[in-house]
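Summary of structural features
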Amino acid sequence: MANYTFPDGFLWGGATAANQVEGAYLEGGKGLTTVDLMPAGEKRGPVMKGYVPSLEPLEGEFYPSHEAIDFYHHYKSDIALFAEMGFKALRISIAWSRIFPTGEEEIPNEEGLRFYDSLFDELKKHDMEPVVTLAHFDVPVHLVEKYGSWRSREVVGLFEHYAKTVFQRYQDKVKYWVTFNEINMLLHLPFMGAGLTFQEGDNVKQIQYQAAHHQLVASALAVKACHEIIPDAQIGCMLAAGMFYPYTCDPADVKKAMDRDRESFFFIDVQARGYYPSYAKRFFKENNISLVTEPQDEEILAAHTADYLAMSYYSSRTTSTDPEITRKSTSGNVFGSVRNPYVKKSEWGWTIDPLGFRITINQLYDRYQKPIFVVENGLGAIDTPDENGNIEDDYRIEYLREHISAMGEAIEDGVPIIGYTSWAPIDMVSASSGEMKKRYGYIYVDRDNQGNGTKARSKKKSFDWYKKVIATNGQDLD
Ligand code: BGP
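Residues numbered from 1 in each chain as written. Predicted model: local features only at pLDDT ≥ 70, side-chain atom pairs only at ≥ 80, totals over all residues. Heavy atoms only, no water.

Focus on helix α9 (residues 204-229)
So the rule is basically this: Secondary structure elements are defined from DSSP: runs of H or I of at least 4 residues count as helices, runs of E of at least 2 residues count as strands, and each element is numbered from the N terminus. To estimate the expected span of a helix, count its residues, drop one, and scale the result by 1.5 Å. Using a 1.4 Å probe on the protein chains alone, a residue whose accessible area is under 20% of its type maximum counts as buried, one over 50% counts as exposed, and one in between counts as partly exposed.
Under the 1.5 Å per step criterion, the end-to-end length of α9 is 37 Å for 26 residues, consistent within 8% with the ideal 38 Å. Where burial is concerned, most of α9 is hidden: 21 out of the 26 residues are buried.

Some details on the site of the ligand
Operational definition: Any residue with a heavy atom lying within 4 Å of a molecule or strand is counted as near it. Here a polar contact is taken to be a pair of N or O atoms separated by no more than 3.5 Å, where protein atoms must pair a possible hydrogen donor with a possible acceptor and residues adjacent in sequence count only if both atoms sit in side chains. Using a 1.4 Å probe, the Shrake-Rupley method yields the accessible areas, and only the shown protein chains count as cover for residues.
Near the ligand there are 15 residues, and of these Q20, E182, A431, S432 and Y440 occur at the shortest range. Contacts to the ligand include N181, whose side-chain N or O atom sits 3.0 Å from an oxygen atom. Between the ligand and the protein, one listed contact pairs an oxygen atom with a side-chain N or O atom of Y440 at 2.5 Å. Out of a free accessible area of 380 Å², the ligand has 97% covered by protein chains.

Structural notes on the pattern of salt bridges
Here is the rule: What counts as a salt bridge is simple: a side-chain nitrogen of Lys or Arg found within 4 Å of a carboxyl oxygen of Asp or Glu.
According to the stated counting rule, one finds 36 salt bridges in the structure shown. Between E376 and R91 there is a salt bridge whose closest N-O contact spans 2.9 Å. A residue pair is termed long-range when its members are at least 10 positions apart, and E376 in strand β11 (residues 372-376) and R91 in strand β2 (residues 89-93) qualify at 285 residues. Note on E376: relative accessible area 4%, which makes it buried. The closest approach of N and O atoms between K468 and D476, which form a salt bridge, is 3.9 Å.

Points about the environment of Y442
Along the polypeptide, Y442 turns up in the loop between β12 (417-422) and β13 (443-445). The class of Y442 is buried, set by a relative accessible area of 1%. A distance of 2.7 Å separates the side chain of Y442 from the side chain of S422, its partner in a polar contact.

What to know about the packing of helix α10 (residues 251-273) against helix α14 (residues 354-368)
Short version of the rule: An axis is simply a line fitted to the C-alpha atoms; with a helix, the fit covers only the stretch in contact. Between two such axes, the angle follows the N-to-C directions and lies from 0 to 180 degrees. Should an angle lie under 35 degrees it is considered roughly parallel, over 145 roughly antiparallel, and from 65 to 115 roughly perpendicular; all remaining angles are considered oblique. Crossing handedness follows the turn of the near helix against the far one: under a right angle anticlockwise gives a left-handed crossing, and clockwise gives a right-handed one. We call two residues in contact whenever any of their non-hydrogen atoms come within 4.5 Å of each other. For this classification, the nonpolar set comprises Ala, Val, Leu, Ile, Met, Phe, Trp, Tyr, Cys and Pro, the charged set comprises Asp, Glu, Lys and Arg, and every other residue, Gly included, is treated as polar.
As a packed pair, α10 and α14 sit with axes 11 Å apart at the nearest point and diverge in direction by 45°. In terms of their interaxial angle, α10 and α14 are classed as oblique. Handedness of the α10/α14 crossing: right-handed. On α14, the residues touching D261, F265, I268, D269, A272 and R273 of α10 are Q363, L364, R367 and Y368. In terms of residue class, the contact of α10 with α14 is made up of five nonpolar, one polar and four charged.

Some remarks on the pairing of strand β1 (residues 11-15)
To be explicit about the condition: Whether two strands pair comes down to DSSP finding at least two bridges between them.
Of all five residues in β1, five are buried, a share of seventy percent or more. As paired strands, β1 and β12 are joined by four bridges and run parallel to one another. Along β12, the bridge assignment pairs G13 with T421. As defined by bridge partners, β1 adjoins β2 across three bridges and the pair is classed as parallel. Bridging from a neighbouring strand, G13 pairs with A89 of β2.

Quick look at the sheet that holds strand β5 (residues 234-241)
The eight strands lie next to each other as β1-β2-β3-β4-β5-β7-β11-β12, forming a closed barrel whose pairing is parallel. Strand-to-strand, the axes of this sheet are offset by a mean angle of 30°, without reference to chain direction. Inspection of the sheet shows strand β3 (residues 129-135) paired to strand β4 (residues 176-180) by four bridges, in the parallel sense. Each bridged residue has a counterpart across the sheet, and for T133 the counterpart in β4 is V178. Of the strands in this sheet, β1, β7 (308-313), β11 and β12 are in contact with helix α15 (residues 394-412), which crosses β12 at around 170°.

Considering the packing of aromatic side chains
The condition is simple: For Phe, Tyr and Trp, where Trp contributes only its six-membered ring, two rings pair if their centres lie within 6.5 Å, and the inter-plane angle classes them as stacked under 30 degrees, edge-to-face over 60, or tilted in between.
Within this structure, the stated rule accounts for 37 aromatic pairs. With a centroid separation of 4.5 Å and an interplanar angle of 10°, the aromatic rings of Y442 and Y466 are classed as stacked. Residue Y442 is found in the loop between β12 and β13, and its partner Y466 is found in helix α16 (residues 461-471); the two are separated by 24 residues along the sequence. We classify Y466 as buried; its relative accessible area is 0%. Joined through ring pairs, the aromatic side chains of Y209, F266, F267, Y276, F283 and F284 make up one cluster.

Let's talk about helix α7 (residues 154-169)
Its 16 residues give α7 an end-to-end C-alpha distance of 23 Å, which sits within 8% of 22 Å, the value for a rise of 1.5 Å per residue. Every buried residue of α7 is listed here: V155, V156, L158, F159, Y162, A163, T165, V166 and F167.

Things to note about the packing of helix α3 (residues 71-84) against helix α5 (residues 110-125)
Relative to each other, α3 and α5 sit at 10°, their axes nearing to 10 Å. Comparing their axes, α5 and α3 come out roughly parallel. For the pair α3 and α5, the contacting residues are F71, Y72, Y75, K76 and I79 in the first and F115, S118, L119, E122 and L123 in the second. Class assignment of the residues belonging to the contact of α3 with α5 gives a composition of seven nonpolar, one polar and two charged.

Section: the nonpolar core
Quick note on the threshold: Only buried residues count toward a nonpolar core, which is a set of Ala, Val, Leu, Ile, Met, Phe, Trp, Tyr and Cys residues joined through side-chain atoms within 4.5 Å.
Grouped together as the largest cluster of nonpolar side chains are 149 residues, with contacts concentrated most on Y116, W150, F167, W177, M407 and Y466. Take this core: its biggest share by element is 14 residues, from α9. Ranked by size, the runner-up nonpolar core spans 11 residues in total, among them L11, M238, V375 and I418.

As structure tokens, this is what we get:
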């Protein structure tokens, strides 16, 4: 028996994002969104980073988001499968461009609103709490074209209008909101995180931090609007979490690990505490960054901090000041981590570090004292059906078991955790690689990297395992 107890009402479930599951990319009046321009294959990397060849899909490229797993037409049967596992919550995101196809309309697209109405009704039918992200890696392409996306102040007001519209519409249906998915992703994959595009010679850091300021203000305005419109709702900010370890105890390595952590904490420091951290001033000065702000910004940030901290955790990270170490052992993840010899790694080079999960949760709670909601955690792996067509994903069960157990320990350490929505309940398009073969689900989807397959759903071994975890409120992880 476990030596920890998950609280009553703990929100077990799964997490998805519109751009990775819905497909139907131009159906129901939806406008083109940034992820619809991210091709599969080698060209995806530069696009995610902001070097975007065209603001229209190109002939001859395959764009996995256009069809994705067609959740748009399968959501009822998919939700029924989640209900079978006993989900208490489902995290989804609203595609901004389904509600405002260009991002600039005054009147929302009713068909888009109706789609999410119906989705939320379906969740309610199964007693599942929706957890809704306002922006999960998508910006209407029109706003990129006209304003350069989040680099422009204009977009703050447009986002606020979008946020208010969905709060009004879904006020009786949605009580858990998240403003920006993994807001710190803006620094690593700026087109994916914030729709930013660059030309040669741009001062990339200046543009990124100006855009970050706009997202931070927009996030605070969304918190304000949410509290006004839905007083009994909670709205969180979200971090792609995973602490940096120093490669050695050389103080220079320790200092570097602190600096790397601060790159991410920067965002949450503002969203959770309500003001720019002290170290930002020096950082801006040394990097020739000068933010254009408005007089009311300080007050907006201070008055409307997030209610809870949502986090994703896949890996810890490691950093070193020794160029030899860095050169020899950089692993594949977007945060540019050095290979840590003490932990295993996934097929995609992401470290597998459940103790790091417990440490990270503790670190975040020590820093912010806000309840934590783990809204993503899971293992991307290649699943191969056996001769009977079954998928025995014991590796996934092992990953989840160790991480859920580490989260249980963090609860015993005293951290209030609202829930756990694993990434992902069903196979979907990978955000970073665009692949289908990087699978996370309890439910297999028959679709390959090129978009072939019937899209039929089938249960993996982990399906029944997770069902049991939920039924025992995390006590039975065997
Ligand atoms: C997070 C994103 C998700 C998701 C997950 C797994 O960064 O919020 O959208 O996809 O990581 O990453 P990937 O799909 O790249 O394996």
